[in-house]
Amino acid sequence: MAVTTAPSTSEATPARRTVLGTCHHDCPDSCGWVVTVEGDTAVRLRGNRDHPYSRGELCPKVNRFLDRVYSPDRLLHPLLRRGPKGEGDFEPVSWDEALGAVADRLGEVVRTYGGEAVLPWWDAGTQGLLQMSSLDRRFFAKLGASRRTGSLCGGVASAGTASTNGSARAADPTDVRFARLVLLWGTNTRLTNRHLWPFVEEARANGATVVVIDPMRTITAESADWFVQPLPGTDVALMLAVMHVLVRDDLVDHDYVDRHTIGFDRLAERVRDWTPQRAAATCGLEAAEVERLARAYGTTSPAFIRTLIGAEHREQGAMFFRTLACLPALTGAWRHRGGGLARSVGAWFDANVDDSVFDAPHLEPAGGRRSVNMNHLGRSLTDPAMDPPVKALFVWNGNPLVSVPNADLTRRGLARDDLFTVVSEQFLTDTARYADVVLPAATQIEQADVVPAWGHLYLGWNEAAIAPPGEAVPNTELWRRLARAMGFTEPELFEGDDSLLRSALHGVDVDALRERGFVRLSLPEDLRPYADGGFPTASGKAELYSHALADRGHDPLPTFRPPAEGTGGEGDTTARFPLVLMTPKTHTRFLNTSYSHLPKHGPAEGGPFVELDPADAEARGIAEGDVARVWNDRGSLTLTVRIGARLRPGVAAVPFGWWADHHGQPATANSLTNDTLTDWGGGVAYGDTRVQVAAASGSD
Ligand SMILES: Nc1nc2c(c(=O)[nH]1)N[C@H]1C(S)=C(S)[C@@H](COP(=O)(O)OP(=O)(O)OC[C@H]3O[C@@H](n4cnc5c(=O)[nH]c(N)nc54)[C@H](O)[C@@H]3O)O[C@H]1N2
Ligand SMILES: Nc1nc2c(c(=O)[nH]1)N[C@H]1C(S)=C(S)[C@@H](COP(=O)(O)OP(=O)(O)OC[C@H]3O[C@@H](n4cnc5c(=O)[nH]c(N)nc54)[C@H](O)[C@@H]3O)O[C@H]1N2
Ligand code: SF4
Ligand SMILES: [Mo]
């Protein structure tokens, strides 16, 4: 079989040259970088000082990116499974042999069960426009495969915000520098969005107060002027009380509310009972603190709310964002630069990027395709009611066995002998160990791409700096090879990278972007999206009362509801599992599941652990360094105990990102987590998880 190579976008190769690129990781910062190449080898990768947002700094993960590129564990050749699934026993084969095996099996599955028996699963392992998801859409449309829906990250926050504002579009995060009050609400800026921190410090230097609202005393909380620590998942109650005070004390911008919102009277009625005392009891706070927070928000201008993802991973996750978005509408904070609400800015990229050009509805079967939520990978692989059953699974840009909740169910699914699994990866992850065929993937410095960001308004260029080592290929090249191996002939399945890129960008001088490494989106410098209203809802106003939510069976007004997994709801497991489990991103050297296996990352973070409050540890006779079992009905983990002052009593935490190997047991943090879908937005409730903890020798 003839094999095409990805078009090279590199210049002629002098002995030593520098190449501009952009970090591809699933991180809001999308930093600009410069790779120094000697001959065929990348010898240095550093931040691009000219980049207006990242300003020359990278992070403890990517400062060692070349160790990842040149790791002895890098996958360099296609592999075919030899031993039992999960054991990681593979033999290297040629691309022709691997593609032949995939094409044979895929053809058989499609003939026997239909295209929907094939399930593609991908995440944002690279956020590059081409390499995240482009030609794959055409390939799987042509196959008639099941459609992957839902989101591990961001979909809920977008959907919740849009329920109030009509769009996920919100403030430019860097405008935080103009604020006088900064609420970092459910985001760990210094860890997860570190390049925004200087903008927060700039606000503080100009007199702003920085408040962190988080159930965990994070490194960001440590740096705040004021740390508010509600019980996990109770924020909507806190927001209702803030709105209660705004209405009670007439801190509402009536002109803004009258002209640019609907439903104020009904909202005022709803929040009437939500006194600071009531919210304080729900949130585990002092009423005086709730009062003080509300007064600060209602009396300080500009007031800027920054949030990201942490609070969306809850059964009522969309409601958090829907309710949060009501706050700046009530106070008219949107009027001011440095006011309003900032979240992902991803929705702004449609100013210059249109990835719908990658879709190919004309290649799909006439009857359409069924949808499978990516958060329910385990369920979709094990549910006997799935018709047709999933018989072939493709995974790229993700490590679902570590990142998806209810992981033991995913593992049972992946272990099925009758499931054919293909994984495209840079490393033999927990997921790849269950593959029948593993295909070696290029890293960001080996592939050309353009990176849309979700933490700032710059589009980044990424030039390929070196050729992929061994036989690794960019994802786009993988889809071209697979299409050819399947005998497909439609030209759109084989479109080249450069042509794909140019077709998706509009209003961008691609050559100038490539030359400079970044370009700001074609948007005004002063972004303020709703200073004069103009909300893209059905009513054209911010919807404090939402008919659209009512039509879909939701409460049309902001409402607090406790999770089913926990106090009071259906399926209450409080008695058996008294602790709420948090599984956050905790490590500066980790990016999700992507670095824990590398020698300068995992070991330096000291290994997996469970963190307990001193009171919970003492009640269980557990001391620092003891080994404890953490379990619920979904799974069990045995972990070293750390006792800290970061959590409240009743809350435990296990960091996310470690692989099963690191635990020395076929389980990870996500073996314990809740896979109930969120209220809307297609996400999942990792955070509404309850567990019990006992000394490892203890019994349940
Ligand atoms: N170092 C590092 N940086 C990263 C990542 C990483 O793994 N490591 N991952 C990247 C990715 S994919 C993403 S999406 C972003 C995420 O960025 P963030 O959203 O900032 O990070 P998270 O840790 O998911 O959650 C933020 C905070 O939400 C808190 N939280 C959880 N539940 C609640 C709640 O009910 N209420 C409130 N108020 N807070 C709550 C958690 O304690 C946590 O401190 O980070 C990116 N950056
Ligand atoms: N318990 C718990 N679970 C969580 C979270 C949490 O806070 N707690 N956070 C959630 C969030 S916000 C997210 S975003 C997800 C992340 O979940 P995942 O996306 O599954 O995790 P990553 O580590 O980002 O996986 C990226 C993988 O893609 C591969 N990759 C990178 N570039 C390429 C490429 O160009 N081609 C191919 N083929 N592969 C590539 C990397 O080698 C890596 O293994 O996890 C979610 N899961
Ligand atoms: S992981 Fe985030 S902070 Fe680190 S270099 Fe990439 S974009 Fe920047
Ligand atoms: Mo994420």
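Residues numbered from 1 in each chain as written. Chains lettered and ligands numbered in written order. Predicted model: local features only at pLDDT ≥ 70, side-chain atom pairs only at ≥ 80, totals over all residues. Heavy atoms only, no water.

Student: Explanation requested: the overall build of the protein chain in the structure shown.
Tutor: Per the secondary structure count, the protein chain includes 24 helices and 27 strands. Taking 27 Å as the expected radius of gyration for a compact globule of 700 residues, we find that the protein chain reaches 25 Å, a close match to that expectation. Projected onto its principal axes, the C-alpha positions of the protein chain cover 75 × 65 × 50 Å. Accessible surface, the protein chain as shown: approximately 24,500 Å² in total, 49% of it carbon and sulfur. Taken together, the 71 basic and 88 acidic charged side chains of the protein chain have centroids lying 2 Å from each other. (Helix = DSSP H or I, 4+ residues; strand = E, 2+ residues; numbered from the N terminus. Rg over C-alpha atoms; globule rule 2.2 N^0.38 Å. Areas by Shrake-Rupley, 256 points an atom, 1.4 Å probe, with all protein chains shown as cover. Lys, Arg positive; Asp, Glu negative; His and termini not counted. Charge placed at Lys NZ, Arg CZ, Asp CG, Glu CD.)

Student: Just to check I follow, could you spell out the nonpolar core for this structure?
Tutor: Nonpolar side chains tend toward joint burial in soluble globular proteins. Within the largest apolar cluster, 81 residues are counted, with the highest numbers of intra-cluster contacts made by Trp-185 and Tyr-297. It is helix H9 (residues 235-248) that provides the largest number of residues to this core, a total of ten residues. When neighbours within four sequence positions are excluded, Tyr-297 is seen to be in contact with Leu-181, Leu-183, Val-242, Leu-246, Ala-303, Ile-305, Leu-327, Pro-328, Thr-331 and Ala-333. Within the second largest apolar cluster, 57 residues are counted, among which are Val-437, Ala-483, Val-508 and Val-510. (Core = buried A, V, L, I, M, F, W, Y, C linked by side-chain atoms within 4.5 Å. Buried < 20%, exposed > 50% of the residue type's maximum accessible area, 1.4 Å probe, protein only. Contact = heavy atoms within 4.5 Å.)

Student: What should I look at first to understand the site of ligand 2 in this one?
Tutor: Close to ligand 2 lie 30 residues; Asp-123, Ser-403, Glu-425, Thr-583 and Thr-593 are nearest. For ligand 2, a nitrogen atom lies 3.0 Å from a polar atom in the side chain of Asn-475. Measuring from an oxygen atom of ligand 2, one finds a side-chain N or O atom of Lys-585 at 3.0 Å. Protein burial of ligand 2: of its 920 Å² of free accessible surface, 97% is covered by the chains. (Near = heavy atom within 4 Å. Polar contact = N/O pair within 3.5 Å; in protein donor to acceptor, adjacent residues only side chain to side chain.)

Student: When you look at the site of ligand 3 in this model, what are you seeing that I'm missing?
Tutor: Taken together, the neighbourhood of ligand 3 is formed by Cys-23, His-25, Cys-27, Asp-29, Ser-30, Cys-31, Leu-58, Cys-59, Lys-61, Val-62 and His-195. Residues belonging to the shell around ligand 3 are distributed by class as follows: six nonpolar, three polar and two charged. (Nonpolar A, V, L, I, M, F, W, Y, C, P; charged D, E, K, R; others polar.)

Student: I would appreciate a short explanation of the sheet that holds strand S3 (residues 41-47) in the present structure.
Tutor: Across a sheet, strands are paired by hydrogen bonds formed along the backbone, either parallel or antiparallel in direction. Pairing in this open sheet of three strands is antiparallel, and the strands run S1-S2-S3 from one edge to the other. The open sheet terminates on both sides in strands that have one partner only, identified here as strand S1 (16-22) and S3. Direction aside, the axes of adjacent strands within the sheet are offset by 25° on average. Examined bridge by bridge, strand S2 (residues 32-38) and S3 share six bridges and lie antiparallel to one another. Directly across from Glu-38, in S3, lies its bridge partner Thr-41. (Pairing = 2+ DSSP bridges. Axes fitted to C-alpha atoms, helices over the stretch in contact; angles between N-to-C directions.)

Student: I'm lost on the pairing of strand S6 (residues 118-122) in this one. Help?
Tutor: As a general feature of sheets, a regular strand has side chains that alternate between the two faces. Most of S6 is tucked away, with five of its five residues classed as buried. Here S6 shows a buried face lined by Val-118, Pro-120 and Trp-122 and a second buried face lined by Leu-119 and Trp-121. Pairing between S6 and strand S15 (residues 392-396): five bridges, direction parallel. Note that in S15 the partner of Val-118 across the bridge is Ala-392.

Student: Can you help me understand the packing of aromatic side chains in this one?
Tutor: Two aromatic rings, taken as a pair, are described by how far apart their centres are and by the angle between their planes. One pass over the structure, following the stated rule, counts 19 aromatic pairs. Between Trp-33 and Phe-65 the ring centres are 5.4 Å apart and the planes differ by 35°, which places this aromatic pair in the tilted class. Here Trp-33, found in strand S2, pairs with Phe-65, found in helix H1 (residues 65-69); they are 32 residues apart in sequence, far enough to count as distant. Trp-33 sits in the buried class, given a relative accessible area of 0%. (Phe/Tyr/Trp six-rings, centres within 6.5 Å; stacked < 30°, edge-to-face > 60°.)

Student: What is the right way to read helix H11 (residues 264-271) from this model?
Tutor: An α-helical turn contains 3.6 residues, so any two residues separated by three or four positions project in the same direction. Phe-264, Leu-267, Ala-268 and Val-271 are the residues of H11 that are buried. Down the axis, H11 shows its buried residues gathered within 100° of arc, on one side only. Contact partners of the buried residues in H11: H9, helix H10 (254-260), strand S11 (261-262) and helix H15 (326-331). (Arc of directions from axis to C-beta.)

Student: In this structure, what is going on with unusual backbone geometry? I would like to understand it.
Tutor: Peptide bonds are mostly trans, and most non-glycine residues show a negative phi. Of note, the bond from Ser-301 into Pro-302 is cis; its omega dihedral lies within 30 degrees of zero at -5°. Along the polypeptide, Pro-302 turns up in the loop between helix H13 (287-299) and strand S12 (303-306). Of the consecutive residues Asp-387 and Pro-388, the connecting peptide bond is found in the cis state with omega at 0°. With respect to the secondary-structure elements, Pro-388 resides in the loop between helix H16 (377-382) and S15. Look at Ser-30: it is not a glycine, yet its phi comes out positive at around 35°. Residue classification places Ser-30 among the buried positions, given a relative accessible area of 4%. The phi dihedral of Asp-250 falls on the positive side, at around 50°, and the residue is not glycine.

Student: Is there a simple way to think about the sheet that holds strand S9 (residues 209-213) in this case?
Tutor: Read from one edge of the open sheet, five strands run S10-S9-S8-S12-S13, paired in parallel fashion. At either margin of the open sheet sits one strand with a lone partner, and together these are strand S10 (226-228) and strand S13 (340-342). When strand polarity is set aside, the average angle formed by the axes of neighbouring strands in this sheet is 20°. Strand direction decides the pairing type here: S12 and S13, joined by three bridges, are parallel. By the bridge assignment, Phe-304 is partnered in S13 with Gly-340.

Student: I tried to follow the side chain of Arg-74 on my own but got confused; where do I start?
Tutor: Within the element layout of this structure, Arg-74 appears in the loop between H1 and strand S4 (79-81). Only 2.9 Å separates the side chain of Arg-74 from the side chain of Glu-446, close enough to count as a polar contact. Every residue in contact with Arg-74, bar those within four places of it in the chain, is listed here: Arg-68, Val-69, Gln-426, Phe-427, Ala-441, Ala-442, Thr-443, Glu-446, Pro-469 and Ala-472.

Student: What should I look at first to understand the confidence of the model for the protein chain in this one?
Tutor: Segments scoring low in pLDDT should not have their predicted coordinates read at a detailed level. Summarising the model, the protein chain shows a mean pLDDT of 96, and 97% of its residues fall at 70 or more. Per-element confidence in the protein chain is highest for strand S8 (residues 181-185), whose mean pLDDT is 99, and lowest for helix H24 (residues 660-663), whose mean pLDDT is 92. (pLDDT = per-residue confidence, 0-100.)

Student: Which parts of the structure should I look at to understand the side chain of His-244?
Tutor: Along the chain, His-244 falls in helix H9. Among the polar contacts made by the side chain of His-244, one reaches the main-chain carbonyl oxygen of Val-271 at a distance of 2.9 Å.

Student: How should the pattern of salt bridges be read in this particular structure?
Tutor: A pair can form between side chains of opposite charge whenever their charged atoms are brought close. As enumerated under the stated definition, the model contains 44 salt bridges in all. Glu-565 is the partner of Arg-634 in a salt bridge, and the nearest nitrogen-oxygen pair spans 2.8 Å. Of this pair, Arg-634 sits in the loop between strand S24 (627-631) and strand S25 (636-643) while Glu-565 sits in the loop between helix H22 (547-551) and strand S22 (579-582); the two residues are 69 residues apart in sequence, bridging distant segments of the chain. Among the ionic contacts, a cluster of salt bridges with common partners joins Asp-175, Arg-177, Arg-337, Arg-520, Glu-525, Asp-526 and Arg-528. (Salt bridge = Lys/Arg side-chain N within 4 Å of Asp/Glu carboxyl O.)

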